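# Commentary on secondary and tertiary structure
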Amino acid sequence: PRQRVALASAQRTEFEFCEHVNNMLAMPSSSLDHSPPTVMVFGCGIEATSRATFEIMAQNGVRTVVVAHEGAWVTSLVPLGIVNKVVTVPGLWDAAQTEELANCVMQKLEDAEVGHVDAVYNLYYHYLLLAARVAEKLGCITNPVDAIETCIVKSKARMALKAAGLESWCTFSFRTMGELENVASLVKYPAVLKPSEFAGSFGVVKVTSAHEAVVHFLKLKAESWCASDQFEFILEEYIDGPEFGVEVIMQDGKILFCSIMDAAKQNDSIYFQGTGRSFPSSQPMSIQETTVLHCIAAVKALGLTTGVLDIDVRYSDSLGPRIIEVNPRMGGGSIEIIHELAHGISLTQIGLKTFLGLDVSEDLASMLEGSHSECLEAGWVMSPHSGEVQNMSLFAQSLKLAFAGHPNIKSITPLANDGKIVVGYTGGLPTCLIQVITSGSSKSLALQHLRLVLQTAEQNLASLVRVPGTVAAPHQTCSMSFRSWRSISPRPRPCHAAQRGAKAHTITCGRFRVSRIESAN
């Protein structure tokens, strides 16, 4: 794996490298025990980032059955032979993930003559609880339903972690204005107001006073998705400190692997949209180790046992590590590619194997050992204003062509299709339009390559997001031509001192791996 990744990094373009990543996801035929398994997937995500997952499963002989809402894009993969069946459930997207809905899904599976199911594999937050309920009914390997529900409902997660002696910060749950007024004076400000459920910073805002908490609560209650007085919110102390993304691999209740990387968030807004990922972490090794141990203790306290788990955590100088959320699924976005580049492993493949009951020790034994030759940076092109996406395919193609042949541009991935209504910086939580992953021999060089791509894209965003009330540009007349990377250079921006001239190394710490930065000097 080291040689293959090194060759891909040194000799292949970003487009060839994406094909290389997909090939590395392939499961050996022997691991399937000579009979193609039937794997049920709940939901389908967005086509731009999820289609490859279904293609990989098909290439490896997996018979995929997708449970989705009516009109889901994944139905287009059935005639192509990529997906075996799509079982649609009316109202699935908006329905509560109750036992009754799970019984409804079971009936739909019987009506569709799906037959025996070997595993239920879920990559998407929206159906986590439903997938676990159905998996239990089918007798498939899954995390316990109670553990999934505890993770999804953040107030329950906070109580479980507190009971295990892991959390001790100020956090309150409430449902009505009267309850908010009772707890608002008890919280230390700044504070965070958030829905007790949902992921991806949806509905999460930073408030600096009890008055602001009330104002933003009223704004949220005006939205249909949380208008009911039964919908729960959380008001908790803001944790000021570095944020990390931690991925944990579990099988049969045992921790097999753990990785940690920096997770950047907006620092000039009341919202918490992610702005980047950075591997290896630039934080001191002592902080990384403490944070990793805390996350391992947390997933065990929450009752999780299986699969790839994604944890968002912040480190406070006064409180130590504090869990933001634990997602009982693999992290999305750049997580898969970064782990392939950094460790030579596929989280998608390993996660699927754990739910099929296949041993993943060989996969982990083959991961890259020793120091990493490159630092990795991931970032997103954000929507500059609210509006409707137009000509994304042309825009992304032009951006890729501008950086064709650049050895440090690992991937450029569109995240929004034409017609999608997006939110700009002034309209709320900004929408991510394009994901970019770059590499470099140091953190500063990897950041420089990332900024080069982001700046090039941002200079042409006016043609990508149509402002409401304006006329859409016809696709055939829309012309985009970005200058080649060979003829442009990024505008200099300050780089954190800890990141300049740094190289990446890893150490083994017990049964998990954490990374550190050491000065090139």
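A short tour of the structure in this document, coming up. (Residues numbered from 1 in each chain as written. Predicted model: local features only at pLDDT ≥ 70, side-chain atom pairs only at ≥ 80, totals over all residues. Heavy atoms only, no water.)

## Re the overall build of the protein
- Within the protein, the secondary structure is distributed over 15 helices and 21 strands.
- Burial analysis of the protein (521 residues in total) assigns 55% to the buried set.
- Counted over contacts in the protein with a minimum sequence separation of 6, partners at least 24 positions apart contribute 71%.
- A total accessible area of about 22000 Å² is found for the protein, and carbon and sulfur atoms account for 51% of it. (Helix = DSSP H or I, 4+ residues; strand = E, 2+ residues; numbered from the N terminus. Buried < 20%, exposed > 50% of the residue type's maximum accessible area, 1.4 Å probe, protein only. Contact = heavy atoms within 4.5 Å. Areas by Shrake-Rupley, 256 points an atom, 1.4 Å probe, with all protein chains shown as cover.)

## With respect to helix H7 (residues 154-163)
- Within H7 the residues assigned to the buried category are Lys154, Ser155, Ala157, Arg158 and Leu161. Down the axis of H7, the smallest arc covering the buried residues is 160 degrees, so these residues share one side. Residues of H7 that are exposed and point more than 90 degrees away from the buried face comprise Met159 and Ala163.
- Contacts made by the buried residues of H7 are with helix H6 (145-152), strand E5 (171-174), strand E6 (191-195), strand E8 (233-237), helix H10 (285-301) and strand E13 (320-327).
- Remark: Gly165 follows H7 within two positions and exhibits a positive phi of approximately 75 degrees. (Arc of directions from axis to C-beta.)

## Re the pattern of salt bridges
- Counted under the stated rule, the structure contains 13 salt bridges.
- Note that Glu99 is salt-bridged to Arg133, the shortest N-O span being 3.2 Å. Of this pair, Glu99 sits in helix H4 (residues 99-111) while Arg133 is found in helix H5 (residues 128-138), placing the two residues 34 residues apart along the sequence.
- Look at Arg133 and you get buried, because its relative accessible area is 16%. (Salt bridge = Lys/Arg side-chain N within 4 Å of Asp/Glu carboxyl O.)

## Quick word on the pairing of strand E18 (residues 432-440)
- Here E18 lies mainly inside the structure; nine of its nine residues are buried.
- Strand direction decides the pairing type here: strand E14 (residues 375-382) and E18, joined by eight bridges, are antiparallel. Note on E18: the bridge partner recorded for Met382 is Cys432.
- Two elements, strand E16 (residues 409-414) and E18, share five bridges in a ladder whose sense is antiparallel. Across the sheet, the residue bridging to Ile412 is Val436, located in E18. (Pairing = 2+ DSSP bridges.)

## A word on the sheet that holds strand E15 (residues 387-389)
- Read from one edge to the other, the open sheet built from three strands follows the order E17-E15-E19, with strand pairing classed as antiparallel. The strands lining the two open edges of the sheet, one partner per strand, are strand E17 (421-422) and strand E19 (465-466).

## What to know about the packing of H5 against H6
- For the pair H5 and H6, interaxial distance at closest approach is 9 Å and the crossing angle is 180 degrees. Taken together, the axis directions place H5 and H6 in an arrangement best described as roughly antiparallel. In this structure, H5 contributes Leu128, Leu129, Ala132, Arg133 and Glu136 to the contact, and H6 contributes Val145, Ile148, Glu149 and Ile152.
- For the contact of H5 with H6, the class distribution of residues is six nonpolar, no polar and three charged. (Axes fitted to C-alpha atoms, helices over the stretch in contact; angles between N-to-C directions. Parallel < 35°, antiparallel > 145°, perpendicular 65-115°, else oblique. Nonpolar A, V, L, I, M, F, W, Y, C, P; charged D, E, K, R; others polar.)

## Quick word on the sheet that holds strand E4 (residues 119-121)
- The strand order across the open sheet formed by four strands is E3-E2-E1-E4, and the pairing between neighbours is parallel. Edge positions in the sheet fall to strand E3 (85-88) and E4, since each of these pairs with one other strand and no more. Going from strand to strand, the sheet's axes swing by 25 degrees on average, the running direction of each strand aside.
- By the bridge criterion, five bridges tie strand E1 (residues 38-42) to strand E2 (residues 63-68) in an arrangement that is parallel. Each residue of the ladder has a partner; that of Thr38, found in E2, is Arg63.
- Across the face of the sheet, H4 comes into contact with E1, E2 and E3 while running at roughly 135 degrees to E3.
- Packing against the sheet, helix H12 (residues 347-356) makes contact with E1 and E4, and its axis sits at approximately 145 degrees to E4.

## Quick notes on the nonpolar core
- Ranked by size, the top nonpolar core spans 42 residues in total, and within it Val39, Phe54, Val74 and Val83 carry the most contacts.
- Among the secondary structure elements, those contributing two or more residues to this core are E1, helix H3 (47-59), E2, E4, strand E10 (254-265), helix H11 (335-343), H12 and E14.
- The contacts of Val39, once residues within four sequence positions are left out, are Met57, Val62, Arg63, Thr64, Val65, Ala119, Tyr121, Leu352 and Leu356. (Core = buried A, V, L, I, M, F, W, Y, C linked by side-chain atoms within 4.5 Å.)

## Points about unusual backbone geometry
- Between Tyr189 and the following residue, Pro190, the backbone shows a cis peptide bond with an omega angle of 5 degrees.
- Note on placement: Pro190 falls in the loop between helix H8 (177-184) and E6.
- Cis rather than trans, the peptide bond between Phe279 and Pro280 has omega equal to -5 degrees.
- Tracing the sequence through the fold places Pro280 in the loop between strand E11 (274-279) and H10.
- A positive phi angle is found at Asn391, which is not glycine, with a value near 60 degrees.
- With respect to the helices, strands and loops of the structure, Asn391 is situated in the loop between E15 and helix H14 (392-402).

## Some remarks on the environment of Asp118
- On the secondary structure map, Asp118 appears in the loop between H4 and E4.
- Asp118 has contacts with Pro37, Thr38, Cys140, Phe355 and Leu356, leaving out every residue within four places of it along the chain.
- At 2.8 Å, the side chain of Asp118 and the backbone nitrogen of Thr38 are in polar contact.
- Side-chain polar atoms of Asp118 contact the side chain of His116, separated by 3.2 Å. (Polar contact = N/O pair within 3.5 Å; in protein donor to acceptor, adjacent residues only side chain to side chain.)

## Some remarks on the packing of H4 against H5
- Look at H4 against H5: their axes get within 9 Å of each other, and the N-to-C directions meet at 60 degrees. The angle between H4 and H5 places the two elements in the oblique class. Where H4 crosses over H5, the handedness of that crossing is right-handed. In contact with Glu99, Leu101, Ala102, Asn103, Val105, Met106 and Leu109 of H4, H5 contributes Leu130, Arg133, Val134, Lys137 and Leu138.
- In terms of residue class, the contact of H4 with H5 is built from eight nonpolar, one polar and three charged. (Left-handed = near helix turned anticlockwise from the far one by under 90°.)

## Some details on the side chain of His449
- Within the element layout of this structure, His449 appears in helix H15 (residues 443-458).
- Taking the relative accessible area as the measure of exposure, His449 reaches 13% and is therefore buried.

## Comments concerning the packing of aromatic side chains
- Considering all chains together, one arrives at six aromatic pairs under this definition.
- Pairing Phe174 with Phe233 gives two aromatic rings, centres 6.0 Å apart and planes at 20 degrees, and the pair type is stacked. Within this pair, whereas Phe174 is found in strand E5, its partner Phe233 is found in strand E8, the two being separated by 59 residues in sequence.
- Under the relative-accessibility criterion, Phe233 is labelled buried at 0%.
- By the ring-pair criterion, three or more aromatic residues cluster together here, those being Phe174, Phe217, Phe231 and Phe233. (Phe/Tyr/Trp six-rings, centres within 6.5 Å; stacked < 30°, edge-to-face > 60°.)

Scope: geometric values only; no functional claims are made or implied.
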